[in-house]
Every structure is written in C-alpha cells, then in structure tokens.
Amino acid sequence: MSILQILEFPDPRLRKIAEPVTIFDEKLEVLIEDMLETMYAAEGIGLAATQVNVHKRLLVIDVSENRDAPQVFINPEVDILEDELSEYDEGCLSVPGFYETVSRPCAVKITALDARGEEFEQEAEDILATCIQHEIDHLNGKLFVDYLSTLKRQRIRAKLEKEHKKSA
Ligand code: QAP
Ligand code: CO
C-alpha cells in the first residue's frame, strides 16, 4: 500500500471532470486501498480520486468515530430527499488549514457501485450527506471554497500559494 500525494487548491488539476469507472480489476482495488490509507494518514473523513490526481469517479469516506468503517462509492449519483439545508463547517484535504460554513441538502439518497461493480443504494443525512456531496463535487471539479464569497476564496488562495512557494 502507499500514501498518495494530495493536490492542493488552486491546482488546476482539481478542476478536471472525472470519468466513470468501467473496469473493476486489481488495479482499482489497489487504488481504493491507497486512497483509504492516504485518507487515514491525513486524518480526513473523505477523499475523492480527483484529489490524488486520478480522474475517475470514485471516492472513499469514513465518518465513524473509531475510523474503522470505510465506505467506497464508485460512479455515485445523488438524489436530494429533502429540500431542507443543513450547515456544516467544511474543510478539505486539498485546502489544508481552512474551514468555512457551507449549506447543502440535509438528506440524500446515493446510488453507486461497490468495488466489485455491484450497484447499491444508501440514504444519508447529517455529516455523511454533507461529506458525500462534498466528495462528489470534487469529481465534478468543484471545491467547497467555490461556495464562499470571492473575497474569502481569494484570501485562501493567496495564503496557500504563499505556503506552496515556501515549501517549493
Ligand atoms: C470533507 O474533508 C468534509 O484542513 C472531508 O488540516 C469535511 O476530510 C465534509 C482535513 C468536513 C464535511 C465536513 C482538513 C484534515 C480533512 C484540514 C476532510 C486539515 C487536516 C478534511
Ligand atoms: Co475535499
């Protein structure tokens, strides 16, 4: 297993639209294991393939307290179950050090494939609903900072660019 490098905002590769997964092979299983390992090592609750520069429609999530309940969603589709919105302080492994409040539908139904290509459905609310929507946004080239004001987004961008220059 290996820990993968996570792209950071404003890297333009985070804007790519991911392609559906069509091949369910050993290589996909290795990618899933590596994404989980990378997410746990970074102490994240969700990671989309886009963030590790793989432009395929898959994401991993673990919102459990004990960090022992990994979930994999391949080619996920989201249906909004309730118009009500919930607010969460969102962060992102691709936007390290920044958290801002974002509103999203509070209850969703996800249809996705598992690692073997079998379809499943799952209803989600609270943090899981927020996290899945956040991760699916990544697959569409979208980041949580896109929901903020231009001013806030530009401040975050400037601070991260400065840090990237320092460590380059
Ligand atoms: C998305 O984000 C999410 O800045 C997943 O220094 C986050 O796992 C959905 C992280 C919150 C809903 C609520 C961020 C770790 C992890 C950081 C993450 C950091 C270290 C973010
Ligand atoms: Co993210």
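Structure: above.
Rules and cut-offs
Residues numbered from 1 in each chain as written. Chains lettered and ligands numbered in written order. Predicted model: local features only at pLDDT ≥ 70, side-chain atom pairs only at ≥ 80, totals over all residues. Heavy atoms only, no water. Helix = DSSP H or I, 4+ residues; strand = E, 2+ residues; numbered from the N terminus. Buried < 20%, exposed > 50% of the residue type's maximum accessible area, 1.4 Å probe, protein only. Contact = heavy atoms within 4.5 Å. Donors = N, O, S within 2.8 Å, 3.2 Å for Na, K, Ca; no water. Pairing = 2+ DSSP bridges. Axes fitted to C-alpha atoms, helices over the stretch in contact; angles between N-to-C directions.

Peer 1: Sorry, what's going on with the side chain of S94 here?
Peer 2: Considering the arrangement of structural elements, one finds S94 in the loop between β4 (85-90) and β5 (100-105). Residue S94 is classed as buried on the basis of its relative accessible area of 0%. Contacts of S94, omitting those with residues within four sequence positions, involve I6, L7, E8, F9, L14 and Q51.

Peer 1: In this structure, what is going on with the coordination of the cobalt ion (ligand 2)? I would like to understand it.
Peer 2: As a benchmark, a tetrahedral metal site with four donors has ideal angles of 109.5 degrees, while an octahedral site with six donors has ideal angles of 90 or 180 degrees. For the cobalt ion (ligand 2), the protein coordination sphere consists of C92 (SG), H134 (NE2) and H138 (NE2), at 2.0 to 2.3 Å. For the cobalt ion (ligand 2), the donor residues sit on a single chain with the sequence spacing C-x41-H-x3-H. Residue C92 is found in the loop between β4 and β5, and its partner H138 is found in helix α2 (residues 126-139); the two are separated by 46 residues along the sequence. C92 sits in the buried class, given a relative accessible area of 11%. Looking at H138, the relative accessible area reads 0%, which means it is buried.

Peer 1: Hey, could you run me through the sheet that holds strand β6 (residues 107-113) in this one?
Peer 2: Note on sheets: strands pair through backbone hydrogen bonds, and any given pair is parallel or antiparallel. Read across the sheet, five strands follow the order β1-β2-β3-β6-β7 without closing on themselves; strand pairing throughout is antiparallel. For this open sheet the edge positions go to β1 (46-48) and β7 (119-125), each flanked by a neighbour on one side alone. Averaged over neighbouring strand pairs, the angle between their axes works out to 40° when direction is ignored. Here β6 runs beside β7; their pairing, made up of seven bridges, is antiparallel. When the bridges of β7 are listed, I110 appears paired with Q122. Against the sheet, helix α1 (residues 26-41) touches β1, β2 (58-61) and β3 (71-80), its axis set at about 40° to β2.

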